[in-house]
Amino acid sequence: MESPVEESHQEHMRDLKQKTIRGGIAKALSQAANFSLRLGSLMILARLLAPKDFGLVGMVTAVIGVFNVFRDFGLSAASVQRSSVTEEQTSTLFWINLLVGSILGAGALALAPLVVRFYHEPRLLGITAMLSAGFLFNSAGVQHSAFLERQMRFTTLSVIDLVSLSVSTVVGIVMALHGFGYWSLVVSTLVSPLIYTVGVWIASGWIPGWPRTRVGILSMLRFGGTVTMNGLVMYLASNLDKVLLGRFLGVDAVGIYGRAYQLVNIPTDNLNSSAGGVAFAALSRLQDEPARLKRYFLKGYSLVLSLTIPITCACALFAGDLIGVLLGPKWKDAVVVFRLLAPVTLVFAMLNPLGWFLSALGLVSRSLKIALALAPAMIVGYALGLHYGLTGVAVAYSIVMCLCVVPVMAWVVKGTAISLGDILSAASKPLLSGGAAAAIVFVLQLAYGPWMSQRPRLLTGVTILVVTYAGILLYVMKQKAFYIEIFRMLLNRTANSERVAASV
């Protein structure tokens, strides 16, 4: 007979499992809508605005965007990762976040003249000054968002995120229609964090108290500081390509490269965003239970990767048709860059979940060491590729990331409950399925491609790719039972929710 402690623990695990599944469903639905909005906005604005409009804003965000790394100083992650947080600690962290946001906003404003001098572009002064307000908007909602995340209220967070994105999208499109040019991008960028912060304040109902001293936040500050430094290193490494392109090749080059980069990353960003918050919160609760943590993580890792691979294959195979349909004919120079950047999305899909894993275990110092080792390789790649223009930078970026992926994996899991063999095993079946499906579609394209116009050819290619990939993964690789299990978990959760609603 089970003891009360064992029964309580099992009940806790069932509750965690249900919250994780519910949160995952909410985030997945939200990110599907988010993806549609972002893609729709990109398609419309790409036709209303010129590459130089995107390039101007891209120049500024590549420079002052580094301050976004500091906007919460890693304190939201620190709040979620801790098993318990007091009211005094949360209030103190809120005021620290607000102070950091104010300093960052002032710093970005002061940096505006230097941005103008660096790029030799006077229009960047007003853009930089306006965007500096976003740091204050973001910092004011960090702890409220963390409060909701700790409670695993991901449905609420998803709704708020969707509303903020919808409002900012409408504002940007309306302004572009009325001829505001690049200012439509600037204002829509500010509207989103403002609406989001207002939303999390209302939803959480939490009013911060006054800051206190000696409330035990030193360890949280250390955790947050390490997370921030890791983010800073990776931000600099990931955005230096755009800075160099803007400085040496001009505004149009940044616009073309930036749109290709954004478009190739939208699907994977949404997938990682939908899974990341839920996975981090759930794994943090399992950090003292290695067996369960391993099981949870590997299932989630395999699922995220299996959804990302067909997207990566589609970007590589159908680059010309995707750019033509989504952005329009004036963006044809982005086709080659878009195709060459496709491998980067796959690499990040393989590495990002490992970042959640390390953070959940509190191993953020290891994440920082990995970033410090990876960043120089990326920077050297950009420098070597810059001589060959946009395509040179894209090729260098992809090669460096592909060469680093397995060593980074081995470093991440060293000494943990998960081995490199576990990761490679979870990744192998989706990767092999994707490679086989891509090869089949590539050959078939040679037969049907020349006889079809752009839109039907794209629809046909994507359909064949998805069906072929799913068939190989589920039946040839014998993964059908795995996905049926996940589907049943979702159905059980839905059925439980309906029974509770009926009883009420």
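What counts, and where the lines are drawn
- Residues numbered from 1 in each chain as written.
- Predicted model: local features only at pLDDT ≥ 70, side-chain atom pairs only at ≥ 80, totals over all residues.
- Heavy atoms only, no water.
- Helix = DSSP H or I, 4+ residues; strand = E, 2+ residues; numbered from the N terminus.
- Buried < 20%, exposed > 50% of the residue type's maximum accessible area, 1.4 Å probe, protein only.
- Contact = heavy atoms within 4.5 Å.
- Areas by Shrake-Rupley, 256 points an atom, 1.4 Å probe, with all protein chains shown as cover.
- Expected span 1.5 Å × (residues − 1).
- Bend = angle between axes of the 7 residues up to and from the residue.
- Salt bridge = Lys/Arg side-chain N within 4 Å of Asp/Glu carboxyl O.
- pLDDT = per-residue confidence, 0-100.
- Axes fitted to C-alpha atoms, helices over the stretch in contact; angles between N-to-C directions.
- Parallel < 35°, antiparallel > 145°, perpendicular 65-115°, else oblique.
- Nonpolar A, V, L, I, M, F, W, Y, C, P; charged D, E, K, R; others polar.
- Lys, Arg positive; Asp, Glu negative; His and termini not counted.
- Core = buried A, V, L, I, M, F, W, Y, C linked by side-chain atoms within 4.5 Å.
- Phe/Tyr/Trp six-rings, centres within 6.5 Å; stacked < 30°, edge-to-face > 60°.
- Lys NZ or Arg CZ within 6 Å of the ring centre and 35° of its normal.
- Patch = residues over 30% accessible without salt bridge, like charges linked within 9 Å, V, L, I, M, F, W, Y side chains within 5 Å.
- Left-handed = near helix turned anticlockwise from the far one by under 90°.

**A word on the overall build of the protein chain**
Part 1: Looking only at helices and strands, the protein chain features 19 helices and zero strands.
Part 2: Across the 504 residues in the protein chain, those meeting the buried criterion constitute 51%.
Part 3: If you take every contact in the protein chain between residues at least 6 apart in sequence, the share linking residues at least 24 apart comes to 84%.
Part 4: Carbon and sulfur atoms provide 68% of the accessible area of the protein chain, an area that totals close to 22,600 Å².

**What to know about helix 14 (residues 334-360)**
Three- or four-residue spacings in an α-helix give side chains the same orientation, since the helix completes a turn every 3.6 residues.
Part 1: Helix length check: helix 14, at 27 residues, gives a terminal C-alpha distance of 38 Å against a target of 39 Å (1.5 Å per residue), a fit within 8%.
Part 2: Along its length, helix 14 shows its largest kink, about 30°, at leucine 341, and proline proline 343 lies within four residues downstream of that point.
Part 3: Taking burial as the measure, the 27 residues of helix 14 include 20 buried ones, the bulk of the element.
Part 4: Glycine 362 sits one or two positions beyond helix 14 and adopts a positive phi of about 80°.

**A look at the pattern of salt bridges**
Side chains that carry opposite charge are capable of pairing whenever their charged atoms lie near each other.
Part 1: Under the definition given, this model contains four salt bridges.
Part 2: Residue lysine 294 pairs with aspartate 422 through a salt bridge whose shortest N-O separation is 3.3 Å. With a gap of 128 residues between them, lysine 294 in helix 12 (residues 290-317) and aspartate 422 in helix 17 (residues 420-448) connect regions that are remote in the sequence.
Part 3: Residue classification places lysine 294 among the partly exposed positions, given a relative accessible area of 28%.

**Structural notes on the confidence of the model for the protein chain**
Part 1: Across the protein chain, the average pLDDT comes to 80, with 79% of residues at or above 70.
Part 2: Ranking the elements of the protein chain by mean pLDDT puts helix 3 (residues 75-81) last with 52 and helix 18 (residues 454-476) first with 93.
Part 3: Low pLDDT, under 50, characterises residues 1-14; the predicted model gives this stretch eight contacts beyond four residues in sequence or across chains.
Part 4: Note on residues 493-504: pLDDT is under 50 here. Beyond four places in sequence and across chains, it has four contacts.

**A look at the packing of helix 16 (residues 389-413) against helix 17**
Part 1: Packing of helix 16 against helix 17 leaves a shortest axis separation of 9 Å and a crossing angle of 130°. The orientation of helix 16 relative to helix 17 falls into the category oblique. Side by side, helix 16 and helix 17 meet where Val406, Met409, Ala410 and Val413 of the first sit next to Leu420, Ile423 and Leu424 of the second.
Part 2: Classifying every residue of the contact of helix 16 with helix 17 by side-chain character gives seven nonpolar, no polar and no charged.

**Structural notes on the side chain of arginine 259**
Part 1: Turning to its location among the elements, arginine 259 is positioned in helix 11 (residues 251-285).
Part 2: Within the buried core, arginine 259 has no salt-bridge partner, and the shortest N-O distance to an opposite charge, that of aspartate 53, equals 10 Å.
Part 3: Not counting residues within four places of it along the chain, the set of residues in contact with arginine 259 comprises Leu42, Phe54, Leu327 and Trp331.

**Topic: the nonpolar core**
Part 1: Judged by nonpolar contacts, the single largest core of 112 residues is most densely connected at Tyr257 and Tyr397.
Part 2: If one sorts the elements of this core by residue count, helix 14 sits on top with 15 residues.
Part 3: Residue contacts for tyrosine 257: discarding those within four places in its chain leaves Asp241, Lys242, Leu245, Val337, Leu341, Leu390, Val393, Ala394 and Tyr397.

**Regarding the packing of aromatic side chains**
Part 1: Summed over all chains, the structure comprises 10 aromatic pairs.
Part 2: Residues phenylalanine 94 and tryptophan 95 carry aromatic rings whose centres are separated by 5.1 Å and whose planes lie at 80° to one another, so their mutual orientation is edge-to-face.
Part 3: Ring geometry for phenylalanine 94 versus tryptophan 201: centroids 5.8 Å apart, planes at 70°, classification edge-to-face. Placement of phenylalanine 94 in helix 4 (residues 87-119) and of tryptophan 201 in helix 9 (residues 182-204) is noted, with a sequence separation of 107 residues between them.
Part 4: The exposure class of tryptophan 201 is partly exposed, given its relative accessible area of 30%.
Part 5: An aromatic cluster of at least three residues, connected via ring pairs, comprises Phe94, Trp95, Trp201 and Trp206.
Part 6: Lying across the ring of phenylalanine 118, arginine 247 places its NZ or CZ 5.7 Å from the centre.
Part 7: Its guanidinium or amino end placed over the ring of phenylalanine 248, arginine 247 lies 5.7 Å from that ring's centre, counting from NZ or CZ.

**Concerning a nonpolar patch on the surface**
Part 1: Nonpolar side chains collect at one region of the surface, where Ile44, Leu48 and Leu177 lie side by side and expose about 260 Å² of accessible area between them.
Part 2: For isoleucine 44, the position within the fold is in helix 1 (residues 4-48).

**Here's the deal with unusual backbone geometry**
Part 1: Look at histidine 120: it is not a glycine, yet its phi comes out positive at around 60°.
Part 2: In this fold, histidine 120 is placed in the loop between helix 4 and helix 5 (124-131).
Part 3: Phi at lysine 478 takes a positive value of approximately 60°, unusual for a residue other than glycine.
Part 4: Mapping lysine 478 onto the fold places it in the loop between helix 18 and helix 19 (480-503).

**Quick look at helix 15 (residues 364-386)**
Part 1: Helix length check: helix 15 (23 residues) gives 32 Å between terminal C-alpha atoms against 33 Å at 1.5 Å per residue, within 8%.
Part 2: Inspection of helix 15 places Val364, Ser367, Leu368, Ile370, Ala371, Leu374, Ala375, Met378, Gly381, Tyr382, Gly385 and Leu386 among the buried residues, and these make up the whole buried set.

**Brief notes about the packing of helix 5 against helix 9**
Part 1: One can describe the packing of helix 5 onto helix 9 by two numbers: an axis separation of 10 Å at closest approach and a directional angle of 15°. When the axis of helix 5 is compared with that of helix 9, the two are roughly parallel. Crossing handedness for the pair helix 5 and helix 9: right-handed. Note on element contacts: helix 9 touches helix 5 through Tyr182, Trp183, Val186, Val187, Thr189 and Leu190, opposite Gly126, Ile127, Met130 and Leu131.
Part 2: Grouping the constituent residues of the contact of helix 5 with helix 9 by class yields eight nonpolar, two polar and no charged.

**Brief notes about the environment of glycine 225**
Part 1: Structurally, glycine 225 is set in helix 10 (residues 218-249).
Part 2: For glycine 225, a relative accessible area of 16% gives the class buried.
Part 3: Expressed as a C-alpha distance, the spacing of glycine 225 and valine 364, which sit 139 residues apart in the sequence, is 9.5 Å.

**Overview of the environment of valine 100**
Part 1: By secondary structure assignment, the location of valine 100 is in helix 4.
Part 2: On a C-alpha basis, the gap between valine 100 and phenylalanine 135 in space is 8.7 Å, while along the polypeptide they are 35 residues apart.

**Considering the environment of glycine 389**
Part 1: Secondary-structure assignment places glycine 389 in helix 16.
Part 2: In this structure glycine 389 comes out as buried when scored by relative accessible area, which is 14%.
Part 3: Distance from glycine 389 to leucine 249, taken between C-alpha atoms, is 7.7 Å for residues 140 residues apart in sequence.

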